[in-house]
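The primary structure of each chain is shown beneath.
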Amino acid sequence: MADSTACRLYIGTSGYSYGEWIDSGFYPDGTHSSNMLDCYIKTFHTTELNYTWYQMPKAPAMERMCEKVPAHFKFAAKLTRTLTHEVKKNLWQKEVLAFRQGMEPLIRAKKLLCILIQLPPYFERSVDFRNYLAALLDELSGLHLAVEFRHDSWVNDKVFSELQRRKITLVNVDEPDLPGLFPRLCVVTNPDLFYVRFHGRNAKGWRSGSMQKQFDYDYRDEELKIWAARIENELMPEAATGGIFFNNHVRGQAPKNALRLIDLLLRKGNKKTPWNEPSSI
Amino acid sequence: MERAVIHLNIADFAVAVEANLAPTLKGRPLIIAPEGAPRAVVYDMSDEAYKEGVRKGMPLSRAKRLNQKIPILAPSFNRYEQAMKALLKETFAFTPLIEYGQADGHIFMDVTASKRLFGPSVDMAFRLKKIFKKAFNLDPIWSVATSKLVAKVATRLVKPLGEYIVAPGDEEAFLGPLPLSLIPGLEKPELKRLKEFNLFFVSEARTLTLEQLKIPFLQKAPLIYDRIRGIDPAPVRAFSETASTLSADHEFSDDTNTAGSLRSALYLMIEQICRVLRTRNLHGAGTKLILSYSDGVQNTSTSRLSPSTSNDMAMFKASALLLDKAWTRRVRIRHMRLICEKLCPPMVQTELFTPETRETKQACLIEAMDKIRKRFGKHAIRAGLTLTENRIGS
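Definitions and cut-offs
- Residues numbered from 1 in each chain as written.
- Chains lettered and ligands numbered in written order.
- Predicted model: local features only at pLDDT ≥ 70, side-chain atom pairs only at ≥ 80, totals over all residues.
- Helix = DSSP H or I, 4+ residues; strand = E, 2+ residues; numbered from the N terminus.
- Contact = placed C-beta atoms within 7 Å.
- Nonpolar A, V, L, I, M, F, W, Y, C, P; charged D, E, K, R; others polar.
- Core = buried A, V, L, I, M, F, W, Y, C linked by C-beta atoms within 7 Å.
- Buried ≥ 20, exposed ≤ 12 C-beta atoms within 10 Å, placed from the backbone.
- Domains from an automatic or database assignment.
- Pairing = 2+ DSSP bridges.
- Axes fitted to C-alpha atoms, helices over the stretch in contact; angles between N-to-C directions.
- Parallel < 35°, antiparallel > 145°, perpendicular 65-115°, else oblique.
- Left-handed = near helix turned anticlockwise from the far one by under 90°.

**Quick word on unusual backbone geometry**
Here is step 1 of the chain: Cis geometry is found at the peptide bond from S306 of chain B to P307 of chain B, where omega equals 0 degrees.
Here is step 2 of the chain: Examined against the element boundaries, P307 of chain B turns out to sit in strand β11 (residues 298–309).
Here is step 3 of the chain: Positive phi is not limited to glycine here, since K110 of chain A has a value of about 55 degrees.
Here is step 4 of the chain: By secondary structure assignment, the location of K110 of chain A is in the loop between α5 (92–108) and β4 (112–118).
Here is step 5 of the chain: Of note, D12 of chain B is a non-glycine position whose phi angle comes to about 50 degrees, a positive value.
Here is step 6 of the chain: Note on placement: D12 of chain B falls in the loop between β1 (5–9) and α1 (13–21).

The structure is reproduced here in structure tokens:
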């Protein structure tokens, strides 16, 4: 695949239910949390589900969510923390089963972009962790998977070729230049899907323990322009679909930056897409 | 804007606290109850004991009959109070809107206004869970919802361990398939009546209109109508650790039902509370006394203080009546807790020429005692009443 026009992009934000997005103007005044998804889908065609990391997804809730979005809308769902951060040796296989059952409505409705496996910073490339990851990927086989590493020991050709062999997406991350963190790369390991997550580059707040500081970053136009070029030239020609998500949710910076990236990719130059109008690519 | 309410619940709180001190108790059946006391009842039990049929408030003799091998531990109310205080200290870092039970491991937090500072409510709940686990080795169930009602039902569903997030707007759908017995506020008589109508689940009861509900339930119908729809406007009671209440505890080394000992202990607690009130230039306008008997039963009594006061003797006068009101049984008392409520600033306007009354003389005496204690330590001077029995320490 070498034609970037054949690639379908899904650009959105990590989560959509943020009260502070009302203050920043993304949601109209007085928007209730229960109506935020209705507003969100007017602008974006995809979102990451964060709450599935905190809590095992439940099929009825997923079903209700599917009913709220149009047919073309896609969800990327985070794998539950009991499978990434708080793994219990003899129980995790059961957790996978429960997760699959919870995801069933999304899969059936063809609204699942992929499962995002976000691994913790301490998840180094050790023998134990490698074995666990391989077993986890086996257990989750049949689902579209994207793996996000937070430790730079995984930057290794062997890792990338194994992901390629399994047709599993490596998540390209944009995060601060801090020692130990996974660097900014442009690697496609799955011809079906590439995935980029923008966490912001707030080096000072990254390890503060507060999400409000960690993800408080407003991407500059130059930074987004570099990414737009990389996406178009390096990622899009290599995959049939792309998922791009902004996690810098603080003060509504995520939807603002996502819309700007859409503008840049649409080659609108300095003309910015006004908020609350549908944007697609 | 709808609210974000977190409910943290440490299941079998007393057992969890005790198991922290004696890890061998973990994962085993355990009953907390005053074994030696006549007519003792179960104060708390582990999940394993619950599975064997033991319930809170059950006569201990009956619990023993279920399984004689279950170990029984005497309750240590002070220990649970201290553990609860430590947990609350952590939660106050996130919001001042906190409501909690009496050393029972239940905490409701309204974090609607805290999101800008601390991020999504789900993340706050998760962080607190981690803090509780790391700092106190206590693992709470947690839930996030838009009301106390829904949050409480959610934690009931995942007990003894887990979490539940009820997304805003999902309340009706969440409650629909649940049995009516899980809805807080529906008492035994209401549940019995609904059962008579063959209504067992929330979704079934919802088919009744408010008018229909009014026929069997009269004035309670609107409450039932709202509850089964997840509507609960009750606020998380605002609480400020420093300004709203003050409390003092006394645990008797030997259970007692001697009036002198009880009054001495009460006076000591009043001295402790009033000293803090005077330091903060506050008055208390209400008191609550909780007596814990040796069989695990608790009696509570409350009264208003009019006028509000920070005077030891005036507060004792009112609280002594409270003691008489709460002390209704012949069973010995193990623990006393006095809570001073409705803290308020003292009346600023005073008389220009104050006539010398009994009250002003008492105020002068207390002021003098405060000065002595400040200079020579709190044991330097004591009220005669506290010397009633030697075993009453300060």
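**A short note on the interface of chain A and chain B**
Here is step 1 of the chain: Taken together, the contact pairs 14 residues of chain A with 18 residues of chain B.
Here is step 2 of the chain: Only α2 (33–40), α3 (51–54), α4 (59–68) and α9 (211–214) of chain A provide two or more residues apiece to the side of chain A that touches chain B.
Here is step 3 of the chain: The leading source of residues in the side of chain A that touches chain B is α4 of chain A, at three residues.
Here is step 4 of the chain: Its residues placed into classes, the side of chain A that touches chain B shows five nonpolar, seven polar and two charged.

**What to know about the nonpolar core**
All names here are of chain B.
Here is step 1 of the chain: Among the nonpolar cores identified, the biggest contains 146 residues, and I6 and M109 are the most heavily contacted of them.
Here is step 2 of the chain: Mapped onto the domain boundaries, this core takes at least three residues apiece from domain 1 (1–11 + 77–241) and domain 2 (14–76).
Here is step 3 of the chain: In contact with M109, other than residues within four places in its own chain, are V5, I6, T91, F94, T95, L97, I98 and V236.
Here is step 4 of the chain: Grouped together as the second largest cluster of nonpolar side chains are 28 residues, A265, L268, I273 and L289 included.

**Some words on the sheet that holds strand β10 (residues 283–293) of chain B**
Residues and elements named next belong to chain B.
Here is step 1 of the chain: Taken together, four strands build an open sheet; the order of strands is β9-β12-β10-β11 and the sheet is antiparallel. At either margin of the open sheet sits one strand with a lone partner, and together these are β9 (246–256) and β11. Shown here is a sheet whose adjacent strand axes are inclined to one another by a mean of 15 degrees, direction ignored.
Here is step 2 of the chain: Sitting on the sheet, helix α13 (residues 259–279) touches β9, β10 and β12 (333–344), and the angle it makes with β9 is about 160 degrees.

**Comments concerning the environment of P355 of chain B**
Here is step 1 of the chain: Inspection of the secondary structure assignment puts P355 of chain B in the loop between β12 and α15 (358–376).
Here is step 2 of the chain: C-alpha separation for the pair P355 of chain B and I72 of chain B, spaced 283 residues apart in sequence, amounts to 60 Å.

**Structural notes on the packing of helix α10 (residues 221–235) of chain A against helix α11 (residues 253–265) of chain A**
Residue and element names in this part refer to chain A.
Here is step 1 of the chain: Here α10 crosses α11 at 55 degrees, and the two axes come no closer than 9 Å. Between α10 and α11, the crossing angle belongs to the class labelled oblique. Crossing angle aside, the handedness with which α10 passes α11 is right-handed. Along its contact with α10, which presents L224, K225, W227, A228, I231 and E232, the element α11 presents N257, R260, L261, L264 and L265.
Here is step 2 of the chain: Among the residues making up the contact of α10 with α11, the classes are represented as seven nonpolar, one polar and three charged.

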